[in-house]
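Below are the chains, spelled out letter by letter.
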Amino acid sequence: MNIVAYNSTFRDACIAIFESNIPAFFAPEEKALFTDWLDNHTATGYYVVEQDGGILACGGIFYFPAKQVAVLTWGMVHADHHRQGIGKLFTRYRLELLQKQHPEALCRIETSQHTKAFYEGLGFVAKEVVKDGFGKGLDKWEMEKTL
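Residues numbered from 1 in each chain as written. Predicted model: local features only at pLDDT ≥ 70, side-chain atom pairs only at ≥ 80, totals over all residues. Heavy atoms only, no water.

As named in an unreviewed UniProt entry, the protein chain is Acetyltransferase (GNAT) domain-containing protein, taken from Chitinophaga rupis.

The strands making up a sheet associate through backbone hydrogen bonding, with each pair oriented either parallel or antiparallel. Read from one edge of the open sheet, seven strands run S1-S2-S3-S4-S5-S7-S6, paired in mixed fashion. Across the chains shown, the open sheet's two edge strands, defined by having one partner strand only, are strand S1 (2–5) and strand S6 (125–135). With strand direction ignored, the average angle separating the axes of adjacent strands in the sheet is 25 degrees. Here strand S4 (residues 69–77) runs beside strand S5 (residues 106–111); their pairing, made up of three bridges, is parallel. Residue pairing across strands places Val 69 opposite Leu 106, the latter belonging to S5. Each of strand S2 (46–51), strand S3 (54–64) and S4 touches helix H2 (residues 31–40); the most contacted strand, S4, lies at about 110 degrees to it. (Pairing = 2+ DSSP bridges. Helix = DSSP H or I, 4+ residues; strand = E, 2+ residues; numbered from the N terminus. Axes fitted to C-alpha atoms, helices over the stretch in contact; angles between N-to-C directions. Contact = heavy atoms within 4.5 Å.)

Okay, the side chain of Asn 21 next. Mapping Asn 21 onto the fold places it in the loop between helix H1 (11–20) and H2. Other than its neighbours up to four places away in sequence, Asn 21 contacts Phe 26, Met 76, Val 77, His 78, Ala 79 and His 82.

Right, here's the structure in full:
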């Protein structure tokens, strides 16, 4: 498995990863937001996990210097590869990047009730829950941890 910086040749594979996670982990209406992210916000800090020529996962990091807040952005593993340790490995990789680049930062993530336990296992603590915050049946869990 290799983790490499995102470029536009990975766009379709990332969209396929997103679509594989609808409706369990993403609401259909979020696809436009994700596509916009890929097209306009991935110049730095967005990555893919490659294996045997295929893209298994994608996700990024973003830093707000004025607030000293870092965020994990649009992280996901293709549904065919869930529960194989890829998500944990990839999330730890991104957290280590943030720790090296911004050790003073508070790290935040917005996730759903379906993945909040995964992030709790990585040290994140829930700060707020918004019922149906991502769409009907997908609550938004705002979580954070100190790097």
